[in-house]
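Examining the three-dimensional arrangement
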Amino acid sequence: MTPYDTRCTADPFARSLSAFETLMHTLSGSPATTWTHAELEEYLDAAGRELLRLLLQDHLDLRARQEEHQVRAGAGPAVTGPEGRVRPWREAGHSRWLATVFGTVRVTRVAHRGPGLGNVHPADQALSLPAGRHSTGLRRLAVTEAVRGSFDQAHDAVTRRCGNVLGKRRLEELVVAAAVDVDDFYRTVIPVPCSREMPLVVQVDGKGVVMRPEALREPTRRAAEKAAASHRGRLAPGEKPNRKPMATVACVFDTRPAPRRPHDVIHPPGGRNGLRPARHGPRAVNKWCTASLVRSPEQVIADAFDQAQARDPKHLRPWVVLVDGARHQLDLITAETGRRGVTVHVLLDFVHVAEYVWACAHAFHRPGTTEAEAWAADHLTAILSGDAARAAAEMTTQAEREQLTASRREAVDACHRYLTGHLDQLHYDTALNNGWPIATGAVEGACRHLIADRLDITGARWGLPGAEAVLRLRAVVSNGDLAPYWRYHAGRKHERLYPTPNERTYALTA
């Protein structure tokens, strides 16, 4: 593109017009007729972004000239600062840089000054300029890319689109700052109403995140230091490296009842005869997720119940809570439901139950045999039919009768303890008859999407603020709320930076 400079002209958009005419001249010239479509795309990508940057720059310069004209004419009210003191002096020509999605531009505005007082710039509030150098649009782009992939990938994506306007360290800081209003945002959101016949489902789970040593919580840090002091080159089977604080994940969703029979869930021995097709289970709708590393499990569970309370404030719908059997989660859920005075139906994740039963089946029969398949199917069907106590008693009786070895008997005893210890959460017959879900697939998928697909990528080692921000923002994106959240966040950021009391005041800016 040939140089152009039409600064000394009456037309405020002369530079933009000159750039556009130059672009058209280039495309209509003979060299461009030999370009491939890929070369045309590459040229228009760079030249088009520069044209948009010039349009933005010319518009900002136009507003600056209009403001200076008002100052020379003595128009406009007196300006006061955040402390309430009037700035009687006005000085034009104060400028600052602003990095945008089109490139970097210069914002020129009038400074209102006073003896011994900091400058205030009314144009900053009118433009809602950020405290730092990076525009709101650039911040949103950085957040969108950072929650999707690694920070290196996000930095490369922003640089490809906008040029060299943002460093990697600053990108991480912008992501952390972008997550500060998530809790307040969800307090303002009104959930979609549902009929009282639709069950309300709450699911809770946890997953570890690999952290840098300095970001570990104190108990985890001490355990990691103790393990490192042993100077072993390999962990023992089942041993953890003590670098993974647990993130608590919770899901709340509505579902349409889908009644089923036990054989719709478990294939009968010998397979289905085809006369009665299997019925599909209930599907989650209006799913909402939350997760946190910083907040305690009590707080995350309380947030989930706040969301459920907002969906059913009068407790007219059946509430179903699905857990994986962790005792501390059950205790927290029991305390939360007691505090709210709501009746819930707590169910154990059937997939976890099936894992114990299959381990028990392999204690009696060789894995992969039809005998093991039939044994597991019979006992799982009994559990689904509401006979978990009988199934647990039968497997111990069979173990005693066959005099299993200690190693095989251990799997049977573990399954027996698991079933008898959670009998009050194994009412699958009631759940199937009412069409409720019986597995924690929604929250398991949330753990995989929110944590494993981003925080657990190969080589990732996290600091606590960055991991928490990415986790919270990925939950916002998963809920489909990024656009409304960003509008809310931009509004709150403007209110914090430019407070508006009774008199017209402006925040101090650089």
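Residues numbered from 1 in each chain as written. Predicted model: local features only at pLDDT ≥ 70, side-chain atom pairs only at ≥ 80, totals over all residues. Heavy atoms only, no water.

Compared with an ideal rise of 1.5 Å per residue, which puts 12 residues at 16 Å, helix α5 (residues 151–162) spans 16 Å between its outermost C-alpha atoms and is within 8% of the ideal. Residues of α5 that are buried include every one of Phe151, Ala154, His155, Ala157, Val158 and Cys162, and no others. Seen end-on, α5 carries its buried residues on one side only, within an arc spanning 160°. Elements in contact with the buried residues of α5: α2 (37–72), β3 (89–100), β4 (103–114), α4 (136–148), α6 (168–178) and α18 (464–478). A positive backbone phi angle near 90° is found at Gly163, which sits one or two residues after α5. (Helix = DSSP H or I, 4+ residues; strand = E, 2+ residues; numbered from the N terminus. Expected span 1.5 Å × (residues − 1). Buried < 20%, exposed > 50% of the residue type's maximum accessible area, 1.4 Å probe, protein only. Arc of directions from axis to C-beta. Contact = heavy atoms within 4.5 Å.)

Here we take up the pairing of β3. Across 10 bridges, the pairing between β3 and β4 is antiparallel. Residue pairing for β4: Ala99 is matched across the bridge by Thr104. Where β3 hands over to β4, the hairpin turn is made up of 2 residues, counted between the paired strands. (Pairing = 2+ DSSP bridges.)

A few words on the sheet that holds strand β9 (residues 319–323). If you walk across this open sheet you meet the 5 strands as β8-β7-β6-β9-β10, and the pairing is mixed. The sheet is open, and its two edges are formed by β8 (284–292) and β10 (344–348), each paired on a single side. On average, each strand axis in the sheet is tilted by 20° relative to the strand beside it, whichever way the strands run. Both strand β7 (residues 246–255) and β8 contribute to a ladder of 7 bridges, which runs antiparallel. Note on β8: the bridge partner recorded for Asp254 is Val285. Sitting on the sheet, helix α10 (residues 297–311) is in contact with β6 (200–208), β7, β8, β9 and β10, with an inclination near 10° to β7. (Axes fitted to C-alpha atoms, helices over the stretch in contact; angles between N-to-C directions.)

Okay, the packing of α4 against α6 next. Where α4 meets α6, the axes come as close as 9 Å, and the angle between the chain directions of the two elements is 95°. In terms of orientation, α4 and α6 fall into the roughly perpendicular class. Across the interface between the two elements, Arg139, Ala142, Val143 and Ala146 of α4 pack against Arg170, Leu171, Leu174, Val175 and Ala178 of α6. (Parallel < 35°, antiparallel > 145°, perpendicular 65-115°, else oblique.)

Next up on the list: the pattern of salt bridges. Pairing between side chains of opposite charge can happen when the charged atoms of each approach one another. The tally for this structure, following the rule as stated, stands at 29 salt bridges. Among the ionic pairs, Arg148 bridges to Glu145, the shortest N-O distance being 3.3 Å. With Arg148 and Glu145 both in helix α4 and 3 residues apart, the pair spans about one turn of that helix. In this structure, Glu336 and Arg339 form a salt bridge, with 2.4 Å as the shortest nitrogen-oxygen distance. With a gap of 3 residues between them, Glu336 and Arg339 both fall in helix α11 (residues 327–340), about one helical turn apart. In this structure, a network of salt bridges that share partners links the residues Asp183, Arg295, Asp303, Glu468 and Arg472. (Salt bridge = Lys/Arg side-chain N within 4 Å of Asp/Glu carboxyl O.)

Let's shift gears to the sheet that holds β4. The strand order across the open sheet formed by 3 strands is β3-β4-β5, and the pairing between neighbours is antiparallel. Each of the sheet's edge strands pairs with one partner strand only, and the pair in question is β3 and β5 (117–120). The sheet shows a mean angle of 35° between the axes of neighbouring strands, direction not considered. Each of β3 and β4 touches α2; the most contacted strand, β4, lies at about 15° to it.

Right, let's get into the pairing of β5. Relative to β5, β4 runs antiparallel, the two being bridged by 2 bridges. The residue of β5 that forms the bridge with His112 is Val120. Where β4 hands over to β5, the hairpin turn is made up of 2 residues, of which Gly116 adopts a positive phi near 70°.

Any aromatic ring pair is given by two values, namely how distant the centres are and how the planes are angled relative to each other. Going through the model one piece at a time under the given rule, you end up with 10 aromatic pairs. Geometrically, the ring pair formed by Phe185 and Tyr485 is edge-to-face, given 5.5 Å between the ring centres and 80° between the ring planes. Residue Phe185 is located in helix α7 (residues 182–188), and its partner Tyr485 is located in helix α19 (residues 482–497); the two are separated by 300 residues in the primary sequence. Ring centres of Tyr356 and Tyr418 lie 4.0 Å apart, and the angle between their planes is 10°; on these two criteria the pair is classed as stacked. With Tyr356 in helix α12 (residues 350–364) and Tyr418 in helix α15 (residues 406–421), the pair connects residues that are 62 residues apart, well separated along the chain. Here Tyr356 falls in the partly exposed class, since its relative accessible area comes to 33%. Since its relative accessible area comes to 9%, Tyr418 is described here as buried. Feature note: the residues Phe185, Tyr186, Trp288, Tyr485 and Tyr488 constitute an aromatic cluster, connected by ring pairs. Between the NZ or CZ atom of Arg454 and the centre of the ring of Phe151, over which it lies, the distance is 5.2 Å. (Phe/Tyr/Trp six-rings, centres within 6.5 Å; stacked < 30°, edge-to-face > 60°. Lys NZ or Arg CZ within 6 Å of the ring centre and 35° of its normal.)

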